[in-house]
Amino acid sequence: MTDRLFNAISDSRRRYLLEQLMVSPMTVKQMSDRLPISRPRVSQHLKVLRDAQLVLVQTCGTRRVHMINNAAFQPLQTWIDNFRNPSIRERTLI
C-alpha cells in the first residue's frame, strides 16, 4: 500500500496537482490550465493518483470534479511518524 502511495507522489507534476486540489476541487481543464502539459497528460497523472486512492472523482452533470481523499494519506503519515517518534515505532513493530 505505501509503495503505491510513494510512487504516486514521486512525480513533481502529481505533487503539484495534489497541492492544487488541496486548495479546491477541480476539473481536468482547470488543472491543465495551470500546468504546461496537455489535458490528456493531466488525466494520466490523475489516473495514477486515483489508482492510489489519493484523489476522488465526483460527477456533477457533465463535469468530473477531482478532489483530495484526505483519509488515503494516513498510511504515509503513519510511516513518517515512525521515524519522528521512536515510541510509535516500537509499538508498531511489536
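Residues numbered from 1 in each chain as written. Predicted model: local features only at pLDDT ≥ 70, side-chain atom pairs only at ≥ 80, totals over all residues. Heavy atoms only, no water.

Quick look at unusual backbone geometry now. Comment: phi is negative for the bulk of residues other than glycine, and the bulk of peptide bonds are trans. Phi angles above zero are rare outside glycine, and Q53 is one such case at about 65 degrees. Of note, Q53 is situated in the loop between α4 (39-51) and β1 (55-60). (Helix = DSSP H or I, 4+ residues; strand = E, 2+ residues; numbered from the N terminus.)

Moving on, we get to the environment of K29. Tracing the backbone shows K29 in helix α3 (residues 28-32). Classification of K29 as partly exposed rests on a relative accessible area of 41%. Counting along the chain gives 34 residues from K29 to R63, while the straight-line C-alpha distance between them is 9.9 Å. (Buried < 20%, exposed > 50% of the residue type's maximum accessible area, 1.4 Å probe, protein only.)

What the rule picks out here adds up to 2 aromatic pairs. Between F6 and W79, the aromatic rings sit 5.0 Å apart at their centres with planes inclined by 75 degrees, giving edge-to-face as the arrangement. In this pair, F6 sits in helix α1 (residues 2-8) while W79 sits in helix α5 (residues 74-84), placing the two residues 73 residues apart along the sequence. By relative accessible area, F6 is classed as partly exposed at 29%. Linked through ring pairs, F6, W79 and F83 together constitute an aromatic cluster. (Phe/Tyr/Trp six-rings, centres within 6.5 Å; stacked < 30°, edge-to-face > 60°.)

Direction of pairing for β1 relative to strand β2 (residues 63-68): antiparallel, over a ladder of 6 bridges. Across the sheet, the residue bridging to V55 is I68, located in β2. (Pairing = 2+ DSSP bridges.)

Within the secondary structure, Q20 is located in helix α2 (residues 12-23). For Q20, the contacting residues outside a window of four places in its chain are M26 and R34. (Contact = heavy atoms within 4.5 Å.)

Direction vectors running N to C along α2 and α4 enclose 80 degrees, while the axes themselves pass 10 Å from each other. The angle between α2 and α4 places the two elements in the roughly perpendicular class. For the pair formed by α2 and α4, the contact residues are R13, R14, L17, L18 and L21 on the first element and V42, H45, L46, V48 and L49 on the second. Considering only residue class, the contact of α2 with α4 consists of 7 nonpolar, 1 polar and 2 charged. (Axes fitted to C-alpha atoms, helices over the stretch in contact; angles between N-to-C directions. Parallel < 35°, antiparallel > 145°, perpendicular 65-115°, else oblique. Nonpolar A, V, L, I, M, F, W, Y, C, P; charged D, E, K, R; others polar.)

If you look at the biggest cluster of nonpolar residues, it comprises 19 residues, and the most contacted ones within it are L17, L18, L21, M31, L46, L49 and L54. Those elements that place two or more of their residues in this core are α1, α2, α3 and α4. Apart from the residues within four sequence positions on either side, L21 is in contact with M26, M31, L46, V55, H66, M67 and I68. (Core = buried A, V, L, I, M, F, W, Y, C linked by side-chain atoms within 4.5 Å.)

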